[in-house]
Amino acid sequence: MLTTATLGDGGRTIELAWKDGKRSRFHAMWLRDNALDGKTRSTGNGQRLITILDIPAETRIGEASMKGEALEVTFLPEGKTVSYPASWLRAHAYDRCEDRQPGWTEDAIKRWTSASMQNSITRASYAEVSRDSNALRQWLAAVRTYGFAVIDGLPAESGALCKVADLFGYIRETNYGRWFEVRAEVNPNNLTYTNLGLQAHTDNPYRDPVPTLQILACIENTVEGGESSVVDGFAVAAALQAEDREGFRLLSSYPARFEYAGSSGVRLQSKRPMIELGPDGELICIRFNNRSLAPAIDVPFADMEHYYAAYRRFAELIEDPAFEVTFKLEAGQSFIVDNTRVMHARKAFSGSGRRWLQGCYADKDGLLSTLAAIEHNFSEAAE
């Protein structure tokens, strides 16, 4: 796998050649800071035991050699020798040639449309995922990859949605409570509690940080209509970028403002872009909720007209059936959405019959942590 290692810049860098012809360069300071030995990182939890100030500023590599499937490096002036598995170095290489364009996403994330997803919705049985770690791994991986998944076989009773959150983490309690009811009310303080259709949206953009997962569970559904639908915000953002690069830039560069003040003692506000990119251009979050959008006051006058045109086009694409996946929840079914990516909506339903859902929030770090731990266990078992 690793064929040669060549020092450069007086030992401040090292270039590795791989069997497939690729090359990777590393800095001596980076390698020393990320050393894998027990004095640098805890063998129990992997946490770093030193600070950057414990590493000499003049750190360089005095000697490097290949020992089987590992690279052995001696750092000066410490005289410290550290071994790095070749597979670890390859997985952590940062010397990339490709130019990432704004809006890129990790390989694990797959964008989708109605054509690719309507007949491929990931579904799992609650009984199976609660007892079989492999089934749970596949279901959680689908949430990571596609941003939503459905689960069947929950008890059709109040509070059953908590069982879904318990599979991977914890409920995030808000001013709506540990969970909230989704059924028609008289004089509701939120349109969710009516029988009107709801535009595709992300929940609670007026919070910072926003709840990163939402779970909706059906207890009873005998109405005509009321189908649930989901839209991949990342796919829609890519479509907007392909049509109007400047419009995409405006929606990702200038913050929108969101607010909610529907109940006594609550005035929630946030200031974040509708399309949020990381410092390196990675697409990390979509916030879209017409009901909660406050006046935009952070966009310059010269850009406001184009900003609104981009906002309108973004909304049109979100409403395009080509991006919509629709399904109807029956009693005992639940679905989860990545609230930083996938928008959800509801069709209008009749006044006859009963439709009773409950919703709650959770956070994606717990889901991804549980998934990573399961994948790690499977990987170790396969070795």
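As a reminder, the structure under discussion sits directly above these lines.
Residues numbered from 1 in each chain as written. Predicted model: local features only at pLDDT ≥ 70, side-chain atom pairs only at ≥ 80, totals over all residues. Heavy atoms only, no water.

J.: Give a detailed account of the overall build of the protein chain, specifying residues and quantitative values.
T.: Per the secondary structure count, the protein chain includes 10 helices and 21 strands. Each principal axis of the C-alpha distribution contributes one length, and for the protein chain these read about 80 × 60 × 45 Å. Put simply, the protein chain has 383 residues, and 48% of those count as buried. Pairs at least 24 apart in sequence give 72% of the contacts found in the protein chain among residues at least 6 apart. Split by element, the accessible area of the protein chain, about 18,800 Å² in all, is 48% carbon and sulfur. Between the centroid of the 43 positive side chains of the protein chain and the centroid of its 51 negative side chains there is a distance of 1 Å. (Helix = DSSP H or I, 4+ residues; strand = E, 2+ residues; numbered from the N terminus. Buried < 20%, exposed > 50% of the residue type's maximum accessible area, 1.4 Å probe, protein only. Contact = heavy atoms within 4.5 Å. Areas by Shrake-Rupley, 256 points an atom, 1.4 Å probe, with all protein chains shown as cover. Lys, Arg positive; Asp, Glu negative; His and termini not counted. Charge placed at Lys NZ, Arg CZ, Asp CG, Glu CD.)

J.: Describe the pattern of salt bridges, listing the residues and the values that go with them.
T.: In the structure shown here, the tally under the stated rule is 21 salt bridges. Here R25 ties to D95 by a salt bridge, and the two come within 2.8 Å at their closest N and O atoms. One end of the pair, R25, is in strand 3 (residues 23-27); the other, D95, is in the loop between helix 2 (86-91) and helix 3 (114-117), with 70 residues separating them in the sequence. D95 gets classed as partly exposed once you look at its relative accessible area, which sits at 22%. Residue D208 is joined to R272 by a salt bridge in which the shortest nitrogen-to-oxygen separation is 3.2 Å. Taken as a pair, D208 in the loop between strand 11 (198-201) and strand 12 (213-221) and R272 in strand 15 (residues 268-272) lie far apart in primary sequence, 64 residues in all. The exposure class assigned to D208 is partly exposed, which follows from its relative accessible area of 45%. Taking the relative accessible area as the measure of exposure, R272 reaches 27% and is therefore partly exposed. (Salt bridge = Lys/Arg side-chain N within 4 Å of Asp/Glu carboxyl O.)

J.: Hey, could you go over the packing of helix 7 (residues 233-243) against helix 8 (residues 245-253) for me, with residue numbers and the actual values?
T.: Interaxial distance between helix 7 and helix 8 falls to 5 Å at its minimum, and their mutual angle equals 130 degrees. Between helix 7 and helix 8, the angle is such that the two are oblique. Two secondary-structure elements touch here, helix 7 through A237, L240, Q241 and E243 and helix 8 through R245, F248 and L251. Taken together, the residues of the contact of helix 7 with helix 8 sort by class into 4 nonpolar, 1 polar and 2 charged. (Axes fitted to C-alpha atoms, helices over the stretch in contact; angles between N-to-C directions. Parallel < 35°, antiparallel > 145°, perpendicular 65-115°, else oblique. Nonpolar A, V, L, I, M, F, W, Y, C, P; charged D, E, K, R; others polar.)

J.: Give a detailed account of the sheet that holds strand 18 (residues 324-327), specifying residues and quantitative values.
T.: Read from one edge of the open sheet, 4 strands run 11-20-13-18, paired in antiparallel fashion. Across the chains shown, the open sheet's two edge strands, defined by having one partner strand only, are strand 11 and strand 18. Ignoring strand direction, the axes of neighbouring strands in this sheet form an average angle of 20 degrees. Those strands touched by helix 7 are strand 13 (228-232) and strand 20 (342-346), and its axis lies near 45 degrees from that of strand 13. (Pairing = 2+ DSSP bridges.)

J.: Tell me about the side chain of S292, and please be specific about residues and values.
T.: Its place among the elements puts S292 in the loop between strand 17 (283-286) and helix 9 (301-319). Those residues in contact with S292, other than ones at most four positions away along the chain, are P205, Y206, R257, F258 and E259.

J.: Any chance you could break down the sheet that holds strand 6 (residues 80-85) for me, citing the residues and the numbers?
T.: Pairing is antiparallel across the open sheet formed by 3 strands, whose spatial order is 4-5-6. Edge positions in the sheet fall to strand 4 (60-66) and strand 6, since each has one partner strand and no second. Across this sheet, the average inter-strand angle for adjacent strands is 25 degrees, counted without regard to direction. Two strands pair when backbone bridges link them, and strand 5 (residues 70-76) and strand 6 are joined in this way by 6 bridges, in the antiparallel orientation. What sits directly across from V73, in strand 6, is V82.

J.: Help me get a handle on the packing of aromatic side chains, residues and values and all.
T.: Here the structure, examined in full by the defined rule, presents 16 aromatic pairs. With centroids separated by 6.4 Å and ring planes inclined at 5 degrees, the aromatic side chains of F148 and F327 adopt a geometry described as stacked. Remark: F327 occurs in strand 18 and F148 occurs in strand 8 (residues 148-152); sequence separation between them is 179 residues. Taken individually, F148 and F327 each receive the classification buried, so the pair is uniform in this respect. For the pair Y307 and Y308, a centre-to-centre distance of 6.3 Å together with 70 degrees between the ring planes defines the contact as edge-to-face. Y308 gets classed as partly exposed once you look at its relative accessible area, which sits at 44%. An aromatic cluster is built from F26, W30, Y84, W88 and Y94, whose rings are joined through pairwise contacts. One Lys or Arg, R90, reaches over the ring of W18 and ends 5.1 Å from the middle of that ring. (Phe/Tyr/Trp six-rings, centres within 6.5 Å; stacked < 30°, edge-to-face > 60°. Lys NZ or Arg CZ within 6 Å of the ring centre and 35° of its normal.)

These results come straight from atomic positions and should not be treated as a statement about function.
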